[in-house]
Amino acid sequence: MMLLIAVASYGQDAKAVLDKTAGIISHKNGVQASFTITSQQYGNTSGTIAIKGRKFHANTQEATVWFDGKTQWTYVKQNDEVNVNTPTQTDLQAINPYNFIYMYKQGYTATMVKSGQNFIVTLKGKGKGIQEMVITISQKTYVPSQIKMLQNKKWTTIKVSGFKTASLSDGMFRFNPKQYPQAEIIDLR
């Protein structure tokens, strides 16, 4: 009986930590951070991300991505083209390292341990695009510093730094064709 109570309280603690983290990441005016992705599946890259609610704007050396909550525009610098689509939850997770703040409430079981100055939260899902996530969250700020995701039997690690709140305009999350007049626009919706 004591074991069941201990396991249940860890799950509740993990949810409470994720709820607080989601509140910080979902700051009403927006947040910004730098990131580095290491992945067998997607390759390695680094860049910056701005988030406001479900909207985000990510910029790397290879591409720039805008997502206004419904439509995603991806500008591929090498090809000077913009791909327009309506991404799935799994697509968004591959691009937006903070998308877990919406996923953990949808059929994932959460466990947590404390390690040094961090909470280590593990999310496991059945039949989901992302089978497992391990999120390192500061005990002091509740800001995640690392997100590891298991998808298709391959791990992707995202390290986050320079997290800060910001006042972001909604226009930042939509592609502006005037800024890329030569780009070919490919609508995949």
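Definitions and cut-offs
- Residues numbered from 1 in each chain as written.
- Predicted model: local features only at pLDDT ≥ 70, side-chain atom pairs only at ≥ 80, totals over all residues.
- Heavy atoms only, no water.
- Helix = DSSP H or I, 4+ residues; strand = E, 2+ residues; numbered from the N terminus.
- Buried < 20%, exposed > 50% of the residue type's maximum accessible area, 1.4 Å probe, protein only.
- Contact = heavy atoms within 4.5 Å.
- Areas by Shrake-Rupley, 256 points an atom, 1.4 Å probe, with all protein chains shown as cover.
- Core = buried A, V, L, I, M, F, W, Y, C linked by side-chain atoms within 4.5 Å.
- Pairing = 2+ DSSP bridges.
- Axes fitted to C-alpha atoms, helices over the stretch in contact; angles between N-to-C directions.
- Salt bridge = Lys/Arg side-chain N within 4 Å of Asp/Glu carboxyl O.
- pLDDT = per-residue confidence, 0-100.
- Polar contact = N/O pair within 3.5 Å; in protein donor to acceptor, adjacent residues only side chain to side chain.

## Topic: the overall build of the chain
Here is step 1: Along the backbone of the chain there are 3 helices and 12 strands.
Here is step 2: Per-residue burial over the chain gives 42% buried out of 189 residues.
Here is step 3: Across the chain, every contact between residues at least 6 apart in sequence was considered, and the portion connecting residues at least 24 apart equals 45%.
Here is step 4: On the chain, roughly 10,400 Å² of surface is accessible, and the fraction owed to carbon and sulfur atoms is 51%.

## Focus on the nonpolar core
Here is step 1: The biggest cluster of nonpolar side chains holds 31 residues, and the ones touching the most others in it are Phe56, Val121, Leu123 and Ile137.
Here is step 2: In terms of nonpolar packing, the next biggest core, distinct from the first, is built from 7 residues, Trp66, Trp73, Tyr75 and Ala183 among them.

## As for the sheet that holds strand 7 (residues 108-115)
Here is step 1: Spatial ordering of the open sheet is given by 7-8-9-10-11-1-2-3-4-5-6-12, a layout of 12 strands whose pairing is mixed. The open sheet has two edge strands with one neighbour each: strand 7 and strand 12 (184-187). Shown here is a sheet whose adjacent strand axes are inclined to one another by a mean of 20 degrees, direction ignored.
Here is step 2: One ladder, built from 7 bridges, connects strand 8 (residues 118-125) with strand 9 (residues 132-138); its direction is antiparallel. Following the sheet pairing, Lys124 is matched in strand 9 by Glu132.

## A few points about the pattern of salt bridges
Here is step 1: The final tally for this structure, using the stated rule, is 4 salt bridges.
Here is step 2: Lys15 is the salt-bridge partner of Asp19, the closest N and O atoms lying 2.9 Å from each other. Here the residue Asp19 and the residue Lys15 both occupy positions in helix 1 (residues 2-25), the gap between them amounting to 4 residues, near one helical turn.
Here is step 3: For Asp19, a relative accessible area of 30% corresponds to the partly exposed category.
Here is step 4: On the basis of relative accessibility, which here comes to 42%, the residue Lys15 falls in the partly exposed class.
Here is step 5: Of the charged contacts in the structure, one is a salt bridge between Asp187 and Arg189, with a shortest N-O distance of 2.6 Å.
Here is step 6: Judged by relative accessible area, which is 58%, Arg189 ranks as exposed.
Here is step 7: Each of Lys52, Lys55 and Asp170 takes part in a single network of salt bridges with overlapping partners.

## Describing unusual backbone geometry
Here is step 1: A positive phi is found at Asp80, a non-glycine position, where the angle reads about 50 degrees.
Here is step 2: One can find Asp80 in the loop between strand 5 (72-76) and strand 6 (81-85).
Here is step 3: The backbone phi angle of Tyr142 is positive, close to 65 degrees, even though this residue is not glycine.
Here is step 4: Counting through the fold element by element, Tyr142 comes out in the loop between strand 9 and strand 10 (144-151).

## Focus: the confidence of the model for the chain
Here is step 1: Per-residue pLDDT for the chain averages 85, and the proportion of residues at 70 or more is 87%.
Here is step 2: Below a pLDDT of 50 lies the segment residues 1-11, which in the model reaches 2 contacts outside its immediate sequence neighbourhood of four places, other chains included.

## A look at the side chain of Ser39
Here is step 1: Inspection of the secondary structure assignment puts Ser39 in strand 1 (residues 31-39).
Here is step 2: Its relative accessible area of 7% is what places Ser39 among the buried residues.
Here is step 3: Polar contacts involving the side chain of Ser39 include one to the side chain of Thr156, which spans 2.9 Å.
Here is step 4: In this view, Ser39 contacts Asn44, Trp155 and Thr156; residues no more than four positions away in its chain are not counted.

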